[in-house]
Amino acid sequence: MVMAGESQFHVLAVDDSIIDRKIIQTLLKTLSYQVTTVDSGAKALEFLGLHQDDTTNPNTPSPPNNHQEVEVNLVITDYCMPGMTGYDLLKKIKESSLRNMPVVIMSSENVPSRITRCLEEGAEEFFLKPVRLSDLSKLRPLMLKTKLKDQNQKQEEKAAFQSPKLQQVEQKQQPSNDDKGKAIDEGLSPEKKN
Amino acid sequence: MDVVNQLQRQFLDYSASLHREGFLDDQFTQLQKLQDENSPDFVVEVASLFFEDCEKLINNMARALEQQQGVDFKQVDASVHQLKGSSSSIGAMRVKNVCIAFRSFCEAQNREGCLRCLQQVTQEYSLLKNKLQTLFRLEQQILAAGGSVPTIE
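Small disclaimer: the values here were computed from a predicted structure and weren't measured.

1. Some words on the environment of Val 149 of chain B
Residues and elements named next belong to chain B. Inspection of the secondary structure assignment puts Val 149 in the segment after α6 (111–144). Along the backbone, Val 149 and Ser 88 are 61 residues apart, and their C-alpha atoms lie at a distance of 24 Å. Non-local contacts of Val 149, meaning those with residues more than four positions away in its chain, are made with Phe 11, Glu 139, Ile 142 and Leu 143.

2. A closer look at the packing of aromatic side chains
Residue and element names in this part refer to chain A. According to the stated counting rule, one finds 3 aromatic pairs over all chains in the structure shown. Between the aromatic rings of Phe 9 and Tyr 33, the centroid separation amounts to 6.4 Å while the plane-to-plane angle is 70 degrees, which identifies the pairing as edge-to-face. Separated by 24 residues along the polypeptide, Phe 9 in the segment before β1 (10–14) and Tyr 33 in the loop between α1 (18–30) and β2 (34–38) bring together distant segments of the chain. Given a relative accessible area of 4%, Tyr 33 falls into the buried group.

3. Details of the side chain of Thr 77 of chain A
All names here are of chain A. Relative to the assigned elements, Thr 77 resides in strand β3 (residues 74–78). When its relative accessible area of 0% is taken as the criterion, Thr 77 is described as buried. Apart from the residues lying within four places of it in its own chain, the contact partners of Thr 77 are Val 14, Gly 86, Leu 89, Val 103, Val 104, Ile 105 and Met 106.

4. Points about the packing of helix α2 (residues 26–34) of chain B against helix α3 (residues 42–66) of chain B
All names here are of chain B. At a minimum axis separation of 8 Å, α2 and α3 run at an interaxial angle of 135 degrees. Overall, the two elements α2 and α3 adopt an arrangement that is oblique. Only Phe 42, Val 43 and Val 46 of α3 make contact with α2, whose side of the interface consists of Phe 28, Leu 31, Gln 32 and Leu 34. Its residues placed into classes, the contact of α2 with α3 shows 6 nonpolar, 1 polar and no charged.

5. Describing the side chain of Lys 129 of chain A
Residues and elements named next belong to chain A. As for its position among the elements, Lys 129 is in the loop between β5 (125–128) and α5 (133–136). Here Lys 129 falls in the buried class, since its relative accessible area comes to 15%. If sequence neighbours within four positions are ignored, Lys 129 has contacts with Asp 15, Asp 20, Asp 78, Met 106, Ser 107 and Ser 108.

6. So, the sheet that holds β3 of chain A
All names here are of chain A. In spatial order, the strands read β2-β1-β3-β4-β5; together these 5 strands make up an open sheet with parallel pairing. At either margin of the open sheet sits one strand with a lone partner, and together these are β2 and β5. Strand-to-strand twist across the sheet, computed as the mean angle between neighbouring axes with direction ignored, equals 20 degrees. Where β1 lies against β3, 4 bridges are found, and the strand directions are parallel. Note on β3: the bridge partner recorded for Val 11 is Leu 74. With respect to the sheet, α1 is in contact with β1, β2, β3 and β4 (103–107), its orientation differing from that of β2 by roughly 170 degrees. Here helix α4 (residues 112–120) sits on the sheet in contact with β4 and β5, set at roughly 150 degrees to β5.

Rules behind the numbers
- Residues numbered from 1 in each chain as written.
- Chains lettered and ligands numbered in written order.
- Predicted model: local features only at pLDDT ≥ 70, side-chain atom pairs only at ≥ 80, totals over all residues.
- Heavy atoms only, no water.
- Helix = DSSP H or I, 4+ residues; strand = E, 2+ residues; numbered from the N terminus.
- Contact = heavy atoms within 4.5 Å.
- Phe/Tyr/Trp six-rings, centres within 6.5 Å; stacked < 30°, edge-to-face > 60°.
- Buried < 20%, exposed > 50% of the residue type's maximum accessible area, 1.4 Å probe, protein only.
- Axes fitted to C-alpha atoms, helices over the stretch in contact; angles between N-to-C directions.
- Parallel < 35°, antiparallel > 145°, perpendicular 65-115°, else oblique.
- Nonpolar A, V, L, I, M, F, W, Y, C, P; charged D, E, K, R; others polar.
- Pairing = 2+ DSSP bridges.

This is how it looks when you write it as structure tokens:
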């Protein structure tokens, strides 16, 4: 269900297995997301517009999706990959200017210490493979939360540069945005209530 | 209509037997549910990718196990791990189960055990390939007769 005027969410899926890439792509498309799949952490960083050196500068301000040509709203990555693991990728993203980007990890192995480590490093969710549609329906609130946070941040930044008179006019127009956000959130809650 | 009904029943019976005999598990059913007008050949495509992947990985394992000067069990294990992952993703339960045993032998660096598992995994892959091709053929026959493929639950 895509609301009129609302741009689609774009998910970047990272997995070295061609079969898993095909499956995750189909699952995400079924949920009406835009999907890009890559087969390595290095390619993921490249797609996100991050370079290896970007990730070591914690002082880089975090304007949303500044480096990218294409906006990505969430990264879902396999844990076990040759070269850069999903954990390595998670760490690099969290240390970069895209640190607010929600990252989700998938793994075929149920290793509690692995799960804890990922969540502690900032992963929003950890899914066991094979991943189900019901797992992926948890993604929307994550992406929405970040989008709303970004929108609010933009609003605040704009307001800071405007005269008090203009600010009043802007604030009158704001309520409709907030209501939309609330409605979407409530619509998503059913699962949590169970 | 009789022909279609017969074919549909054949299809359902055959599906049921594949599940009963452990060739396929629920994950395969999940994939079938994902198939729709937007991805009408999804299951066949995933199956093809799986078989290609299987062949490649089995060859890798065979080559690694052949090394007379010393088997790199880590390399064998890496391939088995990948195959275990793919078979789990497609719902190929028997293949997956052999991979689980296979990994133990890799860990134990037991060449004989590994070779036995390699033989088993090759066998299971062949069996599954044949059975899925039969299943897909039944689907094609139903569609050709003007019917629709029944959904499994």
